[in-house]
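One-letter residues, chain by chain:
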Amino acid sequence: MTAHSSALPIVAAEWEGTGGAAAELKMSRGQRLVWSLVFPVKGHRVAVTLPGVFLIGLALGIGTAAYNTASNILFLTLSLLLACLLLSGLLSWMNMRGVHWRLRPTRSWRAGHDTAVAVEALNTKSWLPSYGLFFDLRVRALTDATTADAQPVPKVREALAAAERAVQRGRVNLSGRLEPNGTTALEWVHQPQQRGVAMLELAAVGSLFPFGFLRKSIGTALRQRVLVWPAQIDYQWHVSAPATIGASGRRTAHAGGGDDLFALRKYQVGDSHRLVHWKASARLGRLLVRQFAAETHAGFSLLVDPAAEVWTRPEQFEVLCSFAGTLAEDLFASGRLRGVGIAGEPWCETRRLRDLEAFLDQLASLRPTALPRDGNAGASRGERAEPNLITFAPEGPRTVGAYLNGHRAASA
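Residues numbered from 1 in each chain as written. Predicted model: local features only at pLDDT ≥ 70, side-chain atom pairs only at ≥ 80, totals over all residues. Heavy atoms only, no water.

(A) Looking closely at the side chain of S281. The topology assignment puts S281 in helix α8 (residues 278–284). Non-local contacts of S281, meaning those with residues more than four positions away in its chain, are made with V276, R286, L287 and L288. (Helix = DSSP H or I, 4+ residues; strand = E, 2+ residues; numbered from the N terminus. Contact = heavy atoms within 4.5 Å.)

In structure tokens, the structure reads:
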């Protein structure tokens, strides 16, 4: 999903953003322009840079000297300086006019890994290029409401400092020029620090064109929620843990990656085209793919139980999420992952890559949960009668252990 926005002319953006009775008045284009300069749109800013401050100070000095000496040359110099400042503002407005932009973040974000965010810009002007554009981006973590309510209320200054630390900012600059009716793509490399739900925002689009005296920026409402997968973690696999396996080469009656044909099913997005059964598809008039029987000696299932009474340490719960995600990816890459599940959630058989990605999405937003413990506690916690089911439990203050058929199989 991508978000869209545009840098409209000052007049159109002003009427779109203000509303109210003033927007209903019939004004000429010049009156609308003057009104937009007096009451600018929220988020539209024109700031004076350090060279601009120097230029204004120089103009004040020359104006004072011209008034005291009545020198025509000094008055002409003052007029040129003021005209240069006004021309800078006018060209800056024309430079931003007709520029559109959108965000294209990558599908998967992972804590501790570089992630690319593409900012695409389109110039809809027919004969004027745009120069010197910059895009300010920021990523802020969305805290859990229940966790935030449980924390004591800090002071205002501490709360603002904590909120600022949770925000990561970046800027990408357009080095060349954006041709009329042309497009360009700029890439911002971002590294999220922790898993969870984050908000990606395009805070502002601005430019220093043409002379760098003024910095014009336009605030945008471009934002998109993204999921940050847990970081990968090192773990130790204990080969002494017994597993329930069949004889070598034995096939089971469920779909998998073996060599024996198991069944035909309807084609789904993400299936390999090499698995399409063309004869059956032509006969029935719809795409069908082949399913093969899986071997029993390489299948494991993962179950994560986020019980709040078990995982009382937040840092240990983060290790659990990273451990479960890393182990699931390694088993899936070797073709030994049958299914994954989270207690209290529907079970998922990992037949395709998107099934694994859905599990990682769940881990990204997983929080310790107080599930009911009654006569059907096993059903409420999602326990399954899998032959090679791996569960997780805390070991000590920070270590997390993985247990296979009641025996310790791995630790992280």
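(B) Up close: helix α10 (residues 353–364). If you check α10, its first and last C-alpha atoms are 17 Å apart, about what twelve residues at 1.5 Å a residue would give, namely 16 Å. Three or more residues of α10 are buried, namely D355, L356, F359, L360, D361, L363 and A364. (Expected span 1.5 Å × (residues − 1). Buried < 20%, exposed > 50% of the residue type's maximum accessible area, 1.4 Å probe, protein only.)

(C) View of the sheet that holds strand β13 (residues 236–237). What the seven strands build is an open sheet, ordered β13-β21-β20-β19-β16-β17-β18; its pairing is mixed. The open sheet is flanked by β13 and β18 (348–349), the only strands paired with a single partner. Taken together, the three bridges between strand β16 (residues 300–304) and strand β19 (residues 389–395) define a ladder with parallel strand orientation. Directly across from S301, in β19, lies its bridge partner L389. Where helix α9 (residues 314–333) meets the sheet, its contacts fall on β13, β16, β17 (337–342), β19, β20 (399–404) and β21 (407–411), and the angle it forms with β19 comes to roughly 155 degrees. Its contacts with the sheet place α10 against β16, β17 and β18, and it is angled at close to 25 degrees to β17. (Pairing = 2+ DSSP bridges. Axes fitted to C-alpha atoms, helices over the stretch in contact; angles between N-to-C directions.)

(D) Broad picture of the pattern of salt bridges. For the structure on display, the rule yields eleven salt bridges. For the salt bridge of E318 with R195, the shortest nitrogen-to-oxygen distance reads 2.8 Å. Taken together, the positions of E318 in helix α9 and R195 in the loop between β10 (183–190) and β11 (196–207) put the pair 123 residues apart, joining distant regions of the chain. Taking the relative accessible area as the measure of exposure, E318 reaches 34% and is therefore partly exposed. Classification of R195 by relative accessible area gives buried; the value is 8%. Measuring nitrogen to oxygen at the nearest pair gives 4.0 Å for the salt bridge that ties E315 to R313. (Salt bridge = Lys/Arg side-chain N within 4 Å of Asp/Glu carboxyl O.)

(E) Quick look at the packing of α9 against α10. Two numbers describe how α9 lies on α10: the axes approach to 10 Å, and their chain directions differ by 175 degrees. Taken together, the axes of α9 and α10 lie roughly antiparallel to each other. The segment α9 lies against α10, with C321, A324, G325, A328, E329 and F332 engaging L353, L356, F359, L360 and L363. Taken together, the residues that form the contact of α9 with α10 break down as nine nonpolar, one polar and one charged. (Parallel < 35°, antiparallel > 145°, perpendicular 65-115°, else oblique. Nonpolar A, V, L, I, M, F, W, Y, C, P; charged D, E, K, R; others polar.)

(F) Geometry of the side chain of T49. Within the secondary structure, T49 sits in the loop between β2 (44–48) and α4 (50–69). Of note is the side chain of T49, whose polar atom sits 2.4 Å from the backbone oxygen of G212. Leave out the neighbours within four places in its chain, and T49 touches L208, G212, F213, L214 and R215. (Polar contact = N/O pair within 3.5 Å; in protein donor to acceptor, adjacent residues only side chain to side chain.)

(G) Inspection of a nonpolar patch on the surface at higher detail. A contiguous nonpolar patch, built from V48, L50, V53, I56 and L60 and spanning about 470 Å² of accessible area, is present on the exposed surface. In terms of residue count, the dominant contributor to the nonpolar patch is α4 (four residues). By the element assignment, I56 lies in helix α4. (Patch = residues over 30% accessible without salt bridge, like charges linked within 9 Å, V, L, I, M, F, W, Y side chains within 5 Å. Areas by Shrake-Rupley, 256 points an atom, 1.4 Å probe, with all protein chains shown as cover.)

(H) Geometry of the pairing of strand β5 (residues 115–123). Going residue by residue along β5, you find T115, V117, V119, A121 and N123 tucked away on one face and A116, A118, E120 and L122 left uncovered on the opposite face. Here seven bridges tie strand β3 (residues 99–105) to β5, and the two strands are oriented antiparallel to one another. Bridge pairing in β5 links H100 to L122. Where β5 and β10 come together, eight bridges link them in antiparallel fashion. Bridging across to β10, L122 finds its partner in T183.

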